[in-house]
Structure formats: structure tokens, C-alpha cells
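# Breakdown of the fold
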Amino acid sequence: MGADLEGEPSLAQADDGALSFDIGASLPDAGLPQPAVLSIGERWAVVGAEYERVEYGYDLVDHPGHRRRAYHRHDEQHFLAAYEVAVHEHCEEVLGAPTCDHYAGEPVLDGYRGIDLLVRAWTDDALGCNELRCLD
């Protein structure tokens with residue numbers, strides 16, 4: 001499968017030494033005015049003598065299918081205090097009309113798994129949002 005990258009991938013370093021990247025790509029949807037788009041982002045912080053992934057966002061906006069699927073880990077303290085979960089998901093069977101703003105999620109172990117989950121969602125007939133546990 002091919003994808004068209006949006007811009008040049010790069011690695012950013014924050015003052016505290018954290019590293020982050022954001023990559024966007026359009027999926028192959030020949031002849032359609034607005035293709036499905038993957039957005040992949042991670043933030044890695046220095047923990048001891050190593051880097052540890054502390055935030056991520058893996059997003060699919062499937063314009064031709066009019067739907068969205070995403071897996072997120074960010075604002076961890078807020079989500080732990082409000083919902084007792086560190087990670088959450090987004091699922092919209094109809095793009096722009098979520099039945100729930102945030103769903104409970106399982107941690108996505110690495111970026112390869114994140115991309116795999118998004119590609120599977122892109123190729124599945126239904127996202128299965130009704131099977132997820134709503135947090136809001």
C-alpha cells in the first residue's frame with residue numbers, strides 16, 4: 001500500500017530534551033477529491049538515561065467513508081483524574097457526529113501497532129463504535 005506524505009518528516013527537540021514528531025499521509029483513494037488521511041504523532045521524554053514514549057496520537061480521518069478512528073495518549077493527568085484512564089480513543093461512524101467524545105482505550109504499544117490499527121479501521125466496513133465504553 002502506498003501513501004503520499006504531507007511535508008517532510010522531521011524530529012523536533014524541546015528545551016527539556018523531549019523529542020517529538022508528527023507525520024501526515026494521504027491514503028490511496030484514486031479519483032476522490034478528499035482522501036483518507038493518517039496522522040501519526042509521538043512525544044518521547046528523557047527518563048533516566050533513556051527515552052520513553054509519553055504521548056501519542058494515531059488518527060484516521062476517512063473522508064470518503066465519512067468517519068474517524070483515533071487512539072490517543074495525552075493530558076494523562078487530566079484523563080486519570082476525570083476518567084481513571086491514561087489513554088482514550090475516538091470513534092465516529094459518521095464524521096463530525098460522534099455519539100461520545102472519548103472512549104476508554106487500551107494502550108497502543110508502539111507506532112507500528114498504531115498504524116496497523118488505523119489501516120485496519122480504514123479497510124473495515126464498520127468501526128464498531130457501539131462496542132466501545134464511553135467516558136463522557
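The present account deals with the structure reproduced in this document. (Residues numbered from 1 in each chain as written. Predicted model: local features only at pLDDT ≥ 70, side-chain atom pairs only at ≥ 80, totals over all residues. Heavy atoms only, no water.)

## With respect to the overall build of the protein chain
The helix and strand inventory of the protein chain stands at two helices and eight strands. For the protein chain, the C-alpha radius of gyration of 16 Å lies close to 14 Å, the compact-globule estimate for 136 residues. Considering only C-alpha atoms, the protein chain reaches an extent of 50 × 35 × 20 Å along its principal axes. In the protein chain, the share of contacts with a sequence separation of at least 24, taken over all contacts with a separation of at least 6, comes to 45%. In the form shown here, the protein chain has an accessible surface area of approximately 8100 Å², with 51% of it arising from carbon and sulfur atoms. Of note, the protein chain has its 9 positive side-chain charges centred 5 Å away from the centre of its 27 negative side-chain charges. (Helix = DSSP H or I, 4+ residues; strand = E, 2+ residues; numbered from the N terminus. Rg over C-alpha atoms; globule rule 2.2 N^0.38 Å. Contact = heavy atoms within 4.5 Å. Areas by Shrake-Rupley, 256 points an atom, 1.4 Å probe, with all protein chains shown as cover. Lys, Arg positive; Asp, Glu negative; His and termini not counted. Charge placed at Lys NZ, Arg CZ, Asp CG, Glu CD.)

## Quick notes on the nonpolar core
In terms of nonpolar packing, the biggest core is built from 20 residues, with Leu27, Tyr56, Tyr58, Leu60, Tyr71, Val108 and Leu118 touching the most fellow members. Every element with two or more residues in this core is listed here: strand S4 (37–47), strand S5 (50–62) and helix H2 (111–123). Ranked by residue count, the leading element in this core is H2, at four residues. Tyr56 has contacts with Gly41, Glu42, Tyr71, His72, Arg73, Val87, Glu106, Pro107 and Val108, leaving out every residue within four places of it along the chain. (Core = buried A, V, L, I, M, F, W, Y, C linked by side-chain atoms within 4.5 Å. Buried < 20%, exposed > 50% of the residue type's maximum accessible area, 1.4 Å probe, protein only.)

## Some thoughts on the state of the cysteines
Enumeration according to the criterion identifies two disulfides in this entry. For the protein chain, the disulfide bridges join cysteines in the arrangement 1-3, 2-4, where the cysteines are counted in sequence order. (Disulfide = S-S within 2.5 Å.)

## Description of a nonpolar patch on the surface
On the surface, Trp44, Val46 and Tyr51 cluster together into a nonpolar patch covering about 260 Å² of accessible area. Mapped onto the fold, Tyr51 is located in strand S5. Take Tyr51: its relative accessible area is 38%, and that puts it in the partly exposed class. (Patch = residues over 30% accessible without salt bridge, like charges linked within 9 Å, V, L, I, M, F, W, Y side chains within 5 Å. Salt bridge = Lys/Arg side-chain N within 4 Å of Asp/Glu carboxyl O.)

By themselves, these observations are geometric and do not establish any function.
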